[in-house]
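In case you want the letters, here they are:
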Amino acid sequence: MKRKIAALLMACMLALPLVAGCSSNATEQKPAENKDEQQQQVEPQATEREITDMAGRTVTIPTEVNSVYCAVPTGEAMVATLSPEKIIGWVNEPSAAAMEYLPENLASMPVIGGWMGQQVTANMEDIITLDPDIIIYVGTDGSLGNDDVPDQIQKETGIPVVCASSALERTAEVYRTLGDWIGEAERGEELATYYETKLADVVEKIDAIPDSERPRVYYAENSDGLATDPAGSSHTEVLDYCKVTNVADVEMKSGQGRTEVSIEQVIAWNPELILCHSGFVLADDITSNPQWADIQAVKDGEVYTTPAVPFNWFDRPPNVMRLMGIQWFATVCYPDIDIDINQETKDFYKLFYKMDLSDEQVESLLNQNQLSFE
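Residues numbered from 1 in each chain as written. Predicted model: local features only at pLDDT ≥ 70, side-chain atom pairs only at ≥ 80, totals over all residues. Heavy atoms only, no water.

I tried to follow the overall build of the protein chain on my own but got confused; where do I start?
Summing up its helical and strand segments, the protein chain has 15 helices and 13 strands in all. The buried share of the protein chain, taken over its 374 residues, is 51%. As displayed, the protein chain offers around 18,700 Å² of accessible surface, 48% of which is attributable to carbon and sulfur atoms. (Helix = DSSP H or I, 4+ residues; strand = E, 2+ residues; numbered from the N terminus. Buried < 20%, exposed > 50% of the residue type's maximum accessible area, 1.4 Å probe, protein only. Areas by Shrake-Rupley, 256 points an atom, 1.4 Å probe, with all protein chains shown as cover.)

Structure below.
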């Protein structure tokens with residue numbers, strides 16, 4: 001019995017170093033694991049990243065963008081639907097009519113001007129004081145690559161300037177791109193998908209219209225209606241998508257466009273339909289002017305004003321509302337086309353502006369009766 005007890009004691013004594021060794025190893029490994037965890041916790045996150053904008057420029061922007069200034073009104077219209085809380089300044093003060101459809105925070109934003117074709121109203125010091133995380137500059141595909149304004153703004157303000165395209169056909173791409181740059185990728189994808197789907201659908205319906213049914217259209221601009229833009233201009237993209245015949249046989253001007261014409265030229269063109277840009281002239285201004293009385297469109301009552309709230313549905317600025325402009329103008333030009341414009345308007349404003357429109361609001365939007373800017 002005593003031998004068994006002695007043997008047991010001896011076995012326990014021999015096992016003690018092994019247990020101690022295991023305990024020692026465990027103790028030694030734990031600090032190593034904690035050290036790795038500490039390194040991971042203190043490793044700094046990148047605060048900047050490099051992107052290539054739509055003008056092909058390489059720009060370093062913050063990884064987190066919380067504030068945006070749009071140097072061009074076209075950009076404002078897009079960011080207002082993408083992430084309105086990040087806009088911190090306006091190029092032009094929005095009208096009271098526009099603010100009925102925009103988030104309340106935008107009503108209190110300062111107006112600091114911007115770049116609009118050849119017209120520049122912005123002050124660099126005001127932009128520096130505003131101190132946005134990035135500045136968004138929008139232009140036509142043809143001008144962006146040759147435009148030195150973005151680099152000038154960036155150099156003078158020290159704030160990253162990113163360029164995006166104003167081309168209607170690239171709207172979905174711009175939503176995805178801007179969504180990535182300003183940290184709103186999911187929202188950007190949602191709007192982009194809707195845009196490209198709806199655009200493809202309406203284009204298919206317009207393409208099915210026989211050429212014989214496509215009206216001859218005059219696009220009236222300036223306060224007297226005697227300025228216009230020809231087919232192929234960035235200012236007439238909606239007309240081009242609707243496949244109408246633009247009667248304006250005039251020079252295509254760059255920048256602000258608007259080639260001046262005479263009433264005699266318009267009479268000679270004798271359009272079947274006149275579309276008035278609501279930034280300058282209303283349908284009533286044309287139909288009540290005896291100079292226009294003998295033109296076919298006036299005699300037939302085919303004179304219309306572009307919807308313009310919260311941003312113009314056609315142009316100036318060329319913006320996201322052009323999708324609605326195409327659908328609305330298609331119903332004007334082709335009354336039998338399969339487009340429920342009232343429902344399309346409600347669906348668009350629900351998604352892009354997060355508004356549930358009443359029937360009265362839809363009617364007001366579609367029947368423009370006031371100038372959108374003066």
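More follows now that the structure is in view.
What is the right way to read the side chain of S278 from this model?
Tracing the sequence through the fold places S278 in the loop between β12 (273–276) and α11 (283–287). There is a polar contact of 3.0 Å between the side chain of S278 and the backbone oxygen of T306. (Polar contact = N/O pair within 3.5 Å; in protein donor to acceptor, adjacent residues only side chain to side chain.)

Looking at this structure, I do not really get helix α15 (residues 359–366). What am I missing?
Each turn of an α-helix holds 3.6 residues, which means side chains three or four residues apart point in the same direction. Along α15, the residues that are buried comprise V362, L365 and L366. Axial view of α15: buried residues confined to an arc of 90°, hence all on one face. Exposed and facing more than 90 degrees away from the buried side of α15 are E360 and E363. Contacts made by the buried residues of α15 are with α13 (322–333) and α14 (341–352). (Arc of directions from axis to C-beta. Contact = heavy atoms within 4.5 Å.)

In this structure, what is going on with the state of the cysteines? I would like to understand it.
Joining two cysteines, a disulfide is a covalent bond between their sulfur atoms. Overall, the coordinates contain 0 disulfides when judged by the stated rule. In this model C333 remains outside any disulfide bridge; the closest cysteine sulfur is found in C242, 5.7 Å from its own. A relative accessible area of 9% means that C333 is categorised as buried. (Disulfide = S-S within 2.5 Å.)

What is the right way to read the pairing of strand β7 (residues 161–165) from this model?
Looking down a regular strand, the side chains alternate between one sheet face and the other. When you tally the buried positions in β7, you get 5 out of 5 residues, the bulk of the element. Both faces of β7 are covered, namely the face carrying V161, C163 and S165 and the face carrying V162 and A164. When strand β6 (residues 134–139) meets β7, the two strands line up parallel, connected through 5 bridges. Each residue of the ladder has a partner; that of G139, found in β7, is S165. (Pairing = 2+ DSSP bridges.)

Where do I start with helix α6 (residues 149–157) in this structure?
Taken together, the buried positions of α6 are V149, P150, I153 and T157. Looking down the long axis of α6, one finds its buried residues gathered within 105° of arc, a one-sided arrangement. One or two residues past the end of α6 sits G158, with phi positive at roughly 75°.

Is there a simple way to explain the pattern of salt bridges in this structure?
For side chains bearing opposite charge, pairing can occur when the charged atoms are close. Considering all chains together, one arrives at 19 salt bridges under this definition. Put simply, R49 and D180 hold a salt bridge, and the shortest N to O gap is 3.4 Å. In this pair, R49 sits in strand β1 (residues 48–52) while D180 sits in helix α7 (residues 171–181), placing the two residues 131 residues apart along the sequence. Accessibility expressed as a relative area gives 25% for R49, which makes it partly exposed. Of the charged contacts in the structure, one is a salt bridge between E189 and R176, with a shortest N-O distance of 2.7 Å. Taken together, the residues span a long stretch of sequence, with E189 in helix α8 (residues 185–207) and R176 in helix α7 at a distance of 13 residues. (Salt bridge = Lys/Arg side-chain N within 4 Å of Asp/Glu carboxyl O.)

What is the right way to read the sheet that holds strand β13 (residues 303–305) from this model?
Note: strands within a sheet are paired through backbone hydrogen bonds, in either parallel or antiparallel orientation. Reading across the sheet, the 4 strands line up as β10-β8-β12-β13 and stay open at both edges, with parallel pairing between neighbours. Only two strands of the sheet have a single neighbouring strand rather than two, namely β10 (245–246) and β13. Lying on the sheet, α13 is in contact with β8 (216–220), β12 and β13; it crosses β12 at an angle near 155°. (Axes fitted to C-alpha atoms, helices over the stretch in contact; angles between N-to-C directions.)

I tried to follow the packing of aromatic side chains on my own but got confused; where do I start?
Aromatic rings in a pair are described by how distant their centres are and how their planes are angled relative to each other. This structure, assessed with the given rule, holds 15 aromatic pairs. Between F314 and W328, the ring centres sit 5.9 Å apart and the planes meet at 85°, which makes this aromatic pair edge-to-face. Taken as a pair, F314 in the loop between β13 and α13 and W328 in helix α13 lie far apart in primary sequence, 14 residues in all. Note on accessibility: F314 and W328 belong to one class, buried. Joined through ring pairs, the aromatic side chains of Y101, Y175, Y194, Y195, F348, Y349, F352 and Y353 make up one cluster. (Phe/Tyr/Trp six-rings, centres within 6.5 Å; stacked < 30°, edge-to-face > 60°.)

Where do I start with the sheet that holds β6 in this structure?
The strand order β3-β6-β7 describes an open sheet built from 3 strands, whose pairing is parallel. A strand with exactly one partner marks an edge of an open sheet, and here the two such strands are β3 (68–70) and β7. The average undirected angle you get between the axes of adjacent strands in this sheet is 30°. Pairing of β3 with β6, which is carried by 3 bridges, proceeds in the parallel orientation. Looking across to β6, one finds that C70 is bridged to I136.

Teacher, can you tell me more about the pairing of β6 here?
Counted residue by residue, β6 has 6 buried out of 6 residues, so it is predominantly covered. Judged by which residues are buried, β6 turns out to be covered on both faces: I134, I136 and V138 on one side and I135, Y137 and G139 on the other are all buried.

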